[in-house]
Amino acid sequence: MLNKKIRKVMASVMAVALLAGSVSTPAENVFAGEVLGETGFENKHLPWRGFEIAPANQNISVEDGQLRVEILNPTGEDREKWDLRTEYRNINFKKGHEYTVSFKAKSKRSGFQLCAHIGNVRGDEEYFVLNGDKMEMGPHMGGQWGKAAVLEPEYQTFSGTFIPTEDIEGAVWTFQYARGTVYEGNAQSGDEIWFDDMSIICETCEDCNYKVSSIFPPSVVNRERSAHTDPETYAPDGKLINFISVNQLGYYPGLKKVAVLADNKGDVFSMTSSIDLTESSYEFEVCDAATDEVKFKGVSGEAIQDEDSGDTVFKLDFTEFNEPGKYYIKVGEWRSFEFEINDSIYSVSGKNMLTDAMNYFYQNRSGIDIEEKYITSGEKAALAHQASHEVDEAYIQIKNSSSYSYYDSQDASKDNASSVIEASGGWYMIGQNYTKQVLVGGMSVWTLQNMYERAVQTESGRDKFADGSGTVVIPESGNIEVPAAGMNVTEFFNSLFSKVKEPEITQPTASISYDDVKTYYEVGETVTPKYTTTFTPGSYEFGPSDTGVTVSSYTISDTNGNSATTASGTLPSFIVEDDTKYNITATIAYTDGVKANNNLNQESNSYIESGSITKVTSYVRGYRAAFAGMDSTTGTITSDLIRNLDVAWNYNSSKTITLDASTADVTPVRFIVAIPANSTRAGISKVEMPKSQYANCTADYKLQETNVLVKGANDAEAVEYKVWVYAPAKIGAEEVHEITMN
């Protein structure tokens, strides 16, 4: 934070110095060696910008000198990390120079994955990458691919040294963090990321450092750039010209003509110029650009707070002035750029907007040769090329994917394919590596068709599309027929629809289960059987989500002859006996459902028919317990003595029992083990003494010659038990036995 405080003090000092005139002027250099124009977000966030691929969405703001990114929808059309990005563009690097790259980041949620790299604007070259907790050389500068950093709620600093192996112009520092499918990215709706202290410092020289003009490349149009364009011509008195905006293409006579005076206080770039507009309105003049003669005078409207720009603005309406010519607008000492009023503002020789727009679409076509003779600008020979993707196919899907994952090749082309259509032609997406998208293609078709239909309403409009017009320079000039691959229009559009597929129907399901009821009870115990049923009304592959199936009746019965008619309830209690085998049966009847939809969301003839489902609970059974323990008496072994031994269990599997004389209140004189005589289990298998080096004393447990009658729980009828007794002359106070029962 010390670095940030120093920068704030320096910013204040510079602000005081810059306010000497009536208009503030940006400093030419910010920090020695610093390549970036915005590092600490004390003012605004640009040139850092957010990018989204719909439907992914985010909000970016500056709060407390930090850049805050709030993720509204984490998943875009590509279902990859680059669907949401924050970027700084137009960075230049010099070969062999050493750059220290660093930034701080944190997240609202622990474990958030953040990817970052410095690369080209197309996104297919990565020069310097974030690799876990550090930054290092990327795959296109002799390094390796990066890996996401895992953010926490506390700031972490990431840094590294970048030494380019070649000069780089127009690079992008990009942070990517949408929810990915194949690649990384685990964003969720409501996630927040915070950035601060973004920095790229050239340690080799100071010529690489940030200049105001460096963040305003020729492609950027804003007020600040205009302030640095030929000031001697446009502002000979030293006043800036960037506060009056005009239509740079010009205005048509007889149509609306409005310019805007603004204070520029909402400029998203830091350290840019602004002025104070305190009057309720301003007088303005439209002046001849050649003679400075005032041709029109007017008064602005009232002040407006423009929500998009953040500026206070005044509209300068000069619609009444229609004389063709070249002009500029003055408000006091401020003046605008020059503009024209005439009937050909969009068709100036060499800069015809229709020609350029149509040529953009032509050069971006897929599936045809791009010929030099149809290219109207740039290096024509270099831009010409042979056709790419001359034949494309698209698979019409039976149903749309409801998930955020791609269909794999098997699913898209076979399992879920309804039909195949030719998808040749169309236009590539800019910077998307030869991607064609249905939505964008459709919008392009509509835009061009709508423009054409409007244009050909007049003779002059039709002339622009004629062969040899020089305005619309494309192979199809003069030909308004659309080839449709041997199909008429009806056949063509029918080919775009999926074939009808009848829905798959998932039938209703049901279940019944006990509430707080065990599988085994000791003979003599009382059981109160509680039950609960569940019913699922089935589903339709293509909807509707509510099948309309409802339960018409519940028929409940148990093996004791009891019955009920409710979805859940309690049946009469019973006492468990040796031969108890109790369960509950539920029969659930249900109604017809509504008709299901097919894959085209049309009502089909399929539906869930009425029926019933019968389900049965598991059995409740009785058992005779086995017993083991220590006894301090020497009398007859009785039912009560056995039932009062320390250990009792359901002897239906192997078990190891520990008898420890040291835990007894009185030193025992014998150890006793008893199991039901009719048990299928073997009884004692092995006895060891762990405190005596696991000495085996199995033979010292004597099976009694006479079985003992032992009652069940709650004085239930007695049955015969086998009994083993260990009764040496004396049992040691610390003696321990581990008894294995098989």
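Look a little higher up for the structure.
Residues numbered from 1 in each chain as written. Predicted model: local features only at pLDDT ≥ 70, side-chain atom pairs only at ≥ 80, totals over all residues. Heavy atoms only, no water.

(A) Spotlight on the pairing of strand E45 (residues 670-676). Burial within E45 is extensive, with seven of its seven residues counted as buried. Burial of the side chains of E45 extends over both faces: Arg670, Ile672, Ala674 and Pro676 are buried on one face and Phe671, Val673 and Ile675 on the other. Of the strand pairs in this sheet, strand E42 (residues 626-631) and E45 are connected by five bridges, and their pairing is antiparallel. Each residue of the ladder has a partner; that of methionine 630, found in E45, is phenylalanine 671. The pairing of E45 with strand E50 (residues 719-726) spans six bridges and is antiparallel. (Buried < 20%, exposed > 50% of the residue type's maximum accessible area, 1.4 Å probe, protein only. Helix = DSSP H or I, 4+ residues; strand = E, 2+ residues; numbered from the N terminus. Pairing = 2+ DSSP bridges.)

(B) Focus on the side chain of glutamate 34. In this structure, glutamate 34 sits in the loop between helix H1 (2-18) and strand E1 (49-52). Within the structure, the side chain of glutamate 34 is placed 3.1 Å from the backbone nitrogen of leucine 36, a separation counted as a polar contact. Polar contacts involving the side chain of glutamate 34 include one to the main-chain amide nitrogen of isoleucine 200, which spans 3.0 Å. (Polar contact = N/O pair within 3.5 Å; in protein donor to acceptor, adjacent residues only side chain to side chain.)

(C) Here's a closer look at a nonpolar patch on the surface. There is a patch of nonpolar side chains on the surface, built from Leu249, Tyr346 and Met353 and spanning about 250 Å² of accessible area. Its location among the elements puts tyrosine 346 in the loop between strand E21 (339-341) and strand E22 (347-348). (Patch = residues over 30% accessible without salt bridge, like charges linked within 9 Å, V, L, I, M, F, W, Y side chains within 5 Å. Areas by Shrake-Rupley, 256 points an atom, 1.4 Å probe, with all protein chains shown as cover. Salt bridge = Lys/Arg side-chain N within 4 Å of Asp/Glu carboxyl O.)

(D) Region of interest: the pattern of salt bridges. Going through the model one piece at a time under the given rule, you end up with 23 salt bridges. Of the charged contacts, one joins arginine 122 and aspartate 124 as a salt bridge, the two residues approaching to 3.4 Å between their closest N and O atoms. On the accessibility criterion, arginine 122 (47% relative accessible area) is partly exposed. The partly exposed category is assigned to aspartate 124, whose relative accessible area is 33%. When the shortest N-O distance is used, the salt bridge between lysine 256 and aspartate 317 registers 3.1 Å. One end of the pair, lysine 256, is in the loop between strand E13 (244-245) and strand E14 (258-262); the other, aspartate 317, is in strand E18 (residues 312-317), with 61 residues separating them in the sequence. Given a relative accessible area of 59%, lysine 256 falls into the exposed group. Where salt bridges share partners, they join Glu63, Arg68, Glu70 and Glu192 into one cluster.

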